[in-house]
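One-letter residues, chain by chain:
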Amino acid sequence: MHTTTMTRVTSLIGATLLGLTTLQASAAPEIPPIPAVQGDVVQAEGDFKIKFSIGTTQSGAQYRGLEYFEKIVEQRSDGHIQVELFHSAQLGDDLQAVSNLQSGTLEMTAPSTSPLVGMFPEFAVFDLPFLFPTPEVADKVLDGEIGQKMLDDASRQGLVAIGWAENGYRQLTNSATPVTSPDDLDGLKIRTMQNDIHLDIWRTLGANPTPMSFAELFTALEQGVVDGQENPWITIEASKFIEVQDYASETNHVYTPFITLVSERFWNRLPAGYQQLVRDAAKQMGDYEREVSRTLNDQIKQQLKQAGMQITELTPEQVEVFQEKLAPVYDDWRDEIGGELIDAIRKASQ
């Protein structure tokens, strides 16, 4: 979900960490508790304040991760660093937040990679289909040398990139038919973000990709302007798409991370000890946020099933058919993204 379209989400969300009310008679999700803070107090000079802004809502896994970050930083700085959290794009969407980091009016943000492709073209690699076959592969790549190099490369233009978390896998829903193969997509109007690779994916699969604002999506589905859409399970549930979509396929076709960014102006004012504390807290936040994200997604998928959505879980053989059909997308984008990066990620996936 592109965070510039959070207005619709904020108004629709009936899901909270204490109970997802969208689904009748569904149990509240069991969220992994925020871990205890480990490590000694860091001694350094000065008092600092971090405003940390995200585009996603207070009910999501990302905000839960931010709460852990706040706990770590405040406890291990003995209160000398105070963290203030802002959700639901209260201080601006992803690109606005990044711009505010560059100008020094905001200290931290954690956007998804998709809206940053204009600044960092290599981030388009995360829009390629089926590049990360499992969450464990995504973790291996992002937490290893490849992920660290991408953080280093993104530490410019007034930004310091210090960690990864997850937005997660995108799934397909529609109102027309169960989808088990590309043939089932023939002619279906699928809403996408305004993203050239995503448009290429759905066009190659035989669908009719239709870019539109997320804020307009529910009404467009309700009125039949589009037949389907694709988003993580958490977004599908929170946006009440079950009211206008009968079918879903667990395609896991695109995996999107969040990247944790700090204003370079703020970073340069922090003593070295506090810089390391913030780095450590970002890593711990990312690990915990992934755990929460995956727990929520698994539970929400089951709740959607129980509420009557027909969910198709693709077999490895069915996924392979989609992958073969989408091979031309890799050819189209290889030079622009960088063949070496794509090959390195594929090698790490083996």
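Above this note sits the structure.
Residues numbered from 1 in each chain as written. Predicted model: local features only at pLDDT ≥ 70, side-chain atom pairs only at ≥ 80, totals over all residues. Heavy atoms only, no water.

## Description of the overall build of the chain
Scanning the chain from N- to C-terminus turns up 13 helices and 13 strands. Across its three principal axes, the chain shows a C-alpha extent of roughly 65 × 50 × 35 Å. With 350 residues in all, the chain has 58% of them scored as buried. The contacts in the chain between residues at least 6 apart in sequence include a share of 77% that link residues at least 24 apart. Carbon and sulfur atoms form 45% of the exposed surface of the chain, whose accessible area is close to 14,300 Å². Each charge sign in the chain was given a centre, from 26 positive and 50 negative side chains, and these centres are 3 Å apart. (Helix = DSSP H or I, 4+ residues; strand = E, 2+ residues; numbered from the N terminus. Buried < 20%, exposed > 50% of the residue type's maximum accessible area, 1.4 Å probe, protein only. Contact = heavy atoms within 4.5 Å. Areas by Shrake-Rupley, 256 points an atom, 1.4 Å probe, with all protein chains shown as cover. Lys, Arg positive; Asp, Glu negative; His and termini not counted. Charge placed at Lys NZ, Arg CZ, Asp CG, Glu CD.)

## Quick word on the side chain of Glu 230
Secondary-structure assignment places Glu 230 in strand 10 (residues 228-231). Judged by relative accessible area, Glu 230 falls into the buried class, the value being 0%. At 2.8 Å, the side chain of Glu 230 and the side chain of Arg 170 are in polar contact. Engagement of the side chain of Glu 230 in a polar contact is seen with the side chain of His 253, the distance being 2.9 Å. Discounting chain neighbours no more than four positions away, the residues touching Glu 230 are Arg 170, Gln 171, Leu 172, Ile 190, Arg 191, Thr 192, His 198, Trp 202 and His 253. (Polar contact = N/O pair within 3.5 Å; in protein donor to acceptor, adjacent residues only side chain to side chain.)

## Section: the sheet that holds strand 4 (residues 81-86)
Strand pairing in a sheet relies on backbone hydrogen bonds. The paired strands run either parallel or antiparallel. Across the sheet, which stays open at both edges, the 5 strands sit in the order 4-3-5-12-6 with mixed pairing between neighbours. Looking along the sheet, the strands with just one partner apiece sit at the ends: strand 4 and strand 6 (159-169). Bridge count between strand 3 (residues 48-53) and strand 4: 6 bridges; the pairing is parallel. Of the residues in strand 4, the one forming a bridge with Ile 50 is Val 83. Across the sheet, helix 2 (residues 61-76) lies against strand 3, strand 4, strand 5 (108-109) and strand 12 (255-263), angled at about 170 degrees from strand 4, the strand it touches most. Against the sheet, helix 10 (residues 272-306) engages strand 3, strand 4, strand 5, strand 6 and strand 12, with an angle of about 5 degrees to strand 6. (Pairing = 2+ DSSP bridges. Axes fitted to C-alpha atoms, helices over the stretch in contact; angles between N-to-C directions.)

## Comments concerning the environment of Ser 249
Secondary-structure assignment places Ser 249 in strand 11 (residues 247-250). Along the sequence, Ser 249 and Leu 314 sit 65 residues apart, while their C-alpha atoms lie 7.1 Å from each other. Those residues in contact with Ser 249 that sit more than four places away from it in its chain are Gln 171, Leu 172, Val 179 and Thr 312. A polar atom in the side chain of Ser 249 sits 2.6 Å from the backbone oxygen of Val 179.

## So, the nonpolar core
The biggest cluster of nonpolar side chains holds 53 residues, and the ones touching the most others in it are Phe 123, Val 125, Leu 128, Phe 132, Leu 185, Ile 259 and Ile 337. Sequence-distant contacts of Ile 259, that is, excluding residues within four places in its chain, are made with Thr 109, Ala 110, Pro 111, Thr 113, Leu 116, Phe 123, Leu 151, Ala 154, Ala 161, Gly 163 and Trp 164. The next biggest cluster of nonpolar side chains, apart from the first, holds 51 residues, and it includes Val 42, Leu 85, Phe 266 and Leu 296. (Core = buried A, V, L, I, M, F, W, Y, C linked by side-chain atoms within 4.5 Å.)

## Notes on the pattern of salt bridges
Within the structure shown, the criterion is met by 14 salt bridges. Here Arg 294 and Asp 139 are joined by a salt bridge, their closest N and O atoms 2.9 Å apart. Note that Arg 294 is positioned in helix 10 and Asp 139 in helix 4 (residues 135-142), a separation of 155 residues in sequence. For Asp 139, a relative accessible area of 18% translates into the label buried. Between Arg 170 and Glu 230 there is a salt bridge, with the nearest N and O atoms lying 2.8 Å from each other. On the criterion of sequence distance, the pair formed by Arg 170 in the loop between strand 6 and strand 7 (171-174) and Glu 230 in strand 10 is long-range, its members being 60 residues apart. As far as burial versus exposure is concerned, Arg 170 and Glu 230 are alike and both buried. (Salt bridge = Lys/Arg side-chain N within 4 Å of Asp/Glu carboxyl O.)

## Considerations on the packing of aromatic side chains
Two measures describe an aromatic ring pair: the distance that separates the ring centres and the angle between the ring planes. In this structure the tally under the stated criterion is 13 aromatic pairs. A centroid spacing of 6.3 Å and a plane angle of 65 degrees characterise the contact between Phe 123 and Trp 164, whose relative ring orientation is edge-to-face. Of this pair, Phe 123 sits in the loop between strand 5 and helix 4 while Trp 164 sits in strand 6, and the two are 41 residues apart along the sequence. One exposure class covers both Phe 123 and Trp 164, and it is buried. With 5.7 Å between their ring centres and 55 degrees between their planes, Phe 132 and Tyr 255 make a pair best called tilted. Residue Phe 132 is found in the loop between strand 5 and helix 4, and its partner Tyr 255 is found in strand 12; the two are separated by 123 residues along the sequence. The pair Phe 132 / Tyr 255 is uniform in exposure class, with both members buried. Taken together through their ring pairs, the aromatic side chains of Phe 120, Phe 123, Phe 126, Phe 132, Trp 164, Tyr 169 and Tyr 255 make up a single cluster. In this structure, Arg 346 is placed above the aromatic ring of Tyr 330, and the distance from its NZ or CZ to the ring centre is 4.1 Å. (Phe/Tyr/Trp six-rings, centres within 6.5 Å; stacked < 30°, edge-to-face > 60°. Lys NZ or Arg CZ within 6 Å of the ring centre and 35° of its normal.)

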